[in-house]
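Descriptive analysis of the structure
Each chain, written out:
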Number of protein chains: 2
Amino acid sequence: MTLSNLKNQYNDYIKLNGLKSSKRRDLIFENIVKKIGHFTTDDIYSDLLKTDPVIGIATVYRTIRLLVDSGILVEHTFGEKRGFFEINNQQAPEHGHLICLKCGHITEFYSKTIEKNVKFMQKQHNYKINSYKFEIFGICPKCQKSEK
Amino acid sequence: MTLSNLKNQYNDYIKLNGLKSSKRRDLIFENIVKKIGHFTTDDIYSDLLKTDPVIGIATVYRTIRLLVDSGILVEHTFGEKRGFFEINNQQAPEHGHLICLKCGHITEFYSKTIEKNVKFMQKQHNYKINSYKFEIFGICPKCQKSEK
DNA sequence: ATTAATTTTGATAATCACTATCATTATTAA
DNA sequence: TTAATAATGATAGTGATTATCAAAATTAAT
Ligand SMILES: [Mn+2]
Ligand SMILES: [Mn+2]
Ligand SMILES: [Zn+2]
Ligand SMILES: [Zn+2]
């Protein structure tokens, strides 16, 4: 997913849904699009506060929801009861996550096997599949060392 | 997992942690152990209210947490930001879930391939694995029909 | 540019699922 | 029995998120 692709996707979504463009929303979009890895709404809010001290957190929540609805972001929970987000790279195949129960560190992995398995389940259960999540919980190598 | 196995596991956990036995907790345990499929804390609370109108929801939350800690229950989120629980059948291998985005219906599936994949990831990333979740989101056959 | 219609925004109240606190009650070992 | 400790229910508090609403911004049509 290139930046200009995402920008097009963003602008198209706004047009297609009869929304108006706005400075604040653009600012949030620009910030998010620069992020690598996974982030929370609060991460983005804190970032933006530095250059825009009057931005409201509701606007950040709203815009992130919009970006999820438009397919630009995907949401995860990673076993917690709050949202984690990341850019939805529609080029690459979906990926799984290894989540460290100690430090929260997240490692991504790709697997053709999983892809196949999802397709198999789709057929077997007559499901129209939208997305999937494969999350493995455990202790990362670093935390294993520091455990002793 | 037989009922008596679970009861042993429950009693052992209570002894091992220096807890006292109690009528209320036993009642909650008995109710949960009869459940099939996935349930929320509120499901259990509503059930119990019928025969025990003074039970507090805090006690249900506490007991379910205890049962998760003891390994009797496993918790899921199924893409939502609240807990769903089910009996942890330690005999059977872990299973995945197909979740209908329309009606919320959940279908379980087993897959040796996934098991192998998890072991592979464990080796490849030097992780000490605790558990995993494989969730596929889509539209179930029933809802596909009623969509037209 | 001015207006009018509509959307966006920030403040903040409300909600939802859950955890913490605490005085009262129950359990248990002595 | 008593004494120590755990369990309980009521309820306050929390954290993440959504809803509400008046004011400000955007847009399209004059
Ligand atoms: Mn990821
Ligand atoms: Mn299940
Ligand atoms: Zn770690
Ligand atoms: Zn369905």
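This section reports on the structure supplied with the text. Predicted, not measured: the structure shown is a model, and the values here were computed from it. Each chain carries its own residue numbering, running from 1 in the direction its sequence is written. The order in which chains are written sets their letters, starting at A; the order in which ligands are written sets their numbers, starting at 1. Where totals are concerned, whole chains, interfaces and linings use all residues; where local detail is concerned, this predicted model gives features only for residues with pLDDT of at least 70, and gives and counts side-chain atom pairs only at 80 or more. Just so you know, side-chain values use all the structure's heavy atoms and leave hydrogens and water out.

1. Digging into the relation of the copies chain B and chain A
Superposition of the copies was done by least squares, using only C-alpha atoms of residues whose pLDDT is at least 70 in both. By a simple turn and slide, chain B fits onto chain A: the slide is 0.0 Å along the axis, the RMSD is 0.1 Å, and the turn is 180°. A rotation of that kind, with that shift, is consistent with a two-fold axis.

2. A closer look at the coordination of the zinc ion (ligand 4)
All names here are of chain B. Keep in mind that water is not among the atoms, so a site may look incomplete; donors are the N, O and S atoms within 2.8 Å of the metal, or 3.2 Å for Na, K and Ca. All of the protein donors around the zinc ion (ligand 4) are Cys100 (SG), Cys103 (SG), Cys140 (SG) and Cys143 (SG); their distances to the metal are 2.3 to 2.4 Å. What the four donor atoms of the zinc ion (ligand 4) show is an angle range of 103 to 117° at the metal, which sorts the shape as tetrahedral. Each donor residue of the zinc ion (ligand 4) belongs to the same chain, with the gaps between them written as C-x2-C-x36-C-x2-C. Accessibility here uses a 1.4 Å probe with only protein chains present; expressed as a share of the type maximum, an area under 20% marks a residue as buried, one over 50% as exposed, and anything in between as partly exposed. Judged by relative accessible area, which is 2%, Cys100 ranks as buried. Note on geometry labels: four donors, all angles 85 to 135 degrees, give tetrahedral; four donors become square planar and six octahedral when opposite donors are over 155 degrees apart and every other angle is between 65 and 115; remaining cases are irregular.

3. Some details on the protein's contact with DNA strand D
Gly83 of chain A together with Lys20, Ser22, Arg24 and Thr59 of chain B are the nearest of the 21 residues found near DNA strand D. Residue proximity to a molecule or strand is established when one non-hydrogen atom of the residue lies within 4 Å of it. Backbone atoms, meaning sugar and phosphate, make up 71% of the atoms of DNA strand D lying within 4 Å of the protein. Between DNA strand D and Ser22 of chain B there is a distance of 2.5 Å, counted from a phosphate oxygen to a side-chain nitrogen or oxygen. For the purposes of these results, a polar contact is taken to be a pair of N or O atoms within 3.5 Å, where, inside protein, one atom must be able to donate a hydrogen and its partner to accept one; residues adjacent in sequence count only when each atom of the pair is a side-chain atom. Take Arg24 of chain B: an N or O atom from its side chain is 2.4 Å from a phosphate oxygen of DNA strand D. Mapped by element, the contributors of at least two residues to the surface near DNA strand D are α4 (57-69) of chain A together with α2 (23-34) and α4 (57-69) of chain B. It is α4 of chain A that provides the largest number of residues to the surface near DNA strand D, a total of four residues. By residue class, the composition of the surface near DNA strand D is six nonpolar, six polar and nine charged. A run of H or I in DSSP becomes a helix once it reaches four residues, and a run of E becomes a strand once it reaches two; helices and strands are each numbered from the N terminus. For this classification, Asp, Glu, Lys and Arg are treated as charged, while Ala, Val, Leu, Ile, Met, Phe, Trp, Tyr, Cys and Pro are nonpolar and the rest, including Gly, are polar.

4. As for the interface of chain B and chain A
Residue contacts are counted whenever heavy atoms from the two residues lie within 4.5 Å of one another. Between chain B and chain A, the contact holds 41 residues from the first and 41 residues from the second. Taken over both partners, the interface formed by chain B and chain A buries close to 3200 Å², and the fraction arising from carbon and sulfur atoms is 63%. Accessible area that two parts lose when put together, evaluated with a 1.4 Å probe and summed over both, is termed the buried area. Considering only the surface of chain B that becomes buried against chain A, Lys81, Tyr127 and Lys128 of chain B emerge as the three largest contributors, covering 21% of it. Only one rule defines a salt bridge in this text: a Lys or Arg side-chain nitrogen within 4 Å of an Asp or Glu carboxyl oxygen. The interface formed by chain B and chain A holds two salt bridges in total. Among the ionic pairs, Lys81 of chain A bridges to Glu75 of chain B, the shortest N-O distance being 2.8 Å. Contributing elements (two or more residues each) for the side of chain B that touches chain A: β3 (96-100), β4 (106-109), α5 (112-125), β5 (128-139) and α6 (141-146) of chain B. By residue number, the principal contributor to the side of chain B that touches chain A is β5 of chain B, which donates 12 residues. By residue class, the composition of the side of chain B that touches chain A is 18 nonpolar, 13 polar and 10 charged. The pairing of strand β5 (residues 128-139) of chain A with β5 of chain B spans 11 bridges and is classified as antiparallel. Paired with Ser131 of chain A across the two strands is Phe137 of chain B, which belongs to β5 of chain B. In this analysis, strands are considered paired if DSSP registers two or more bridges between them.

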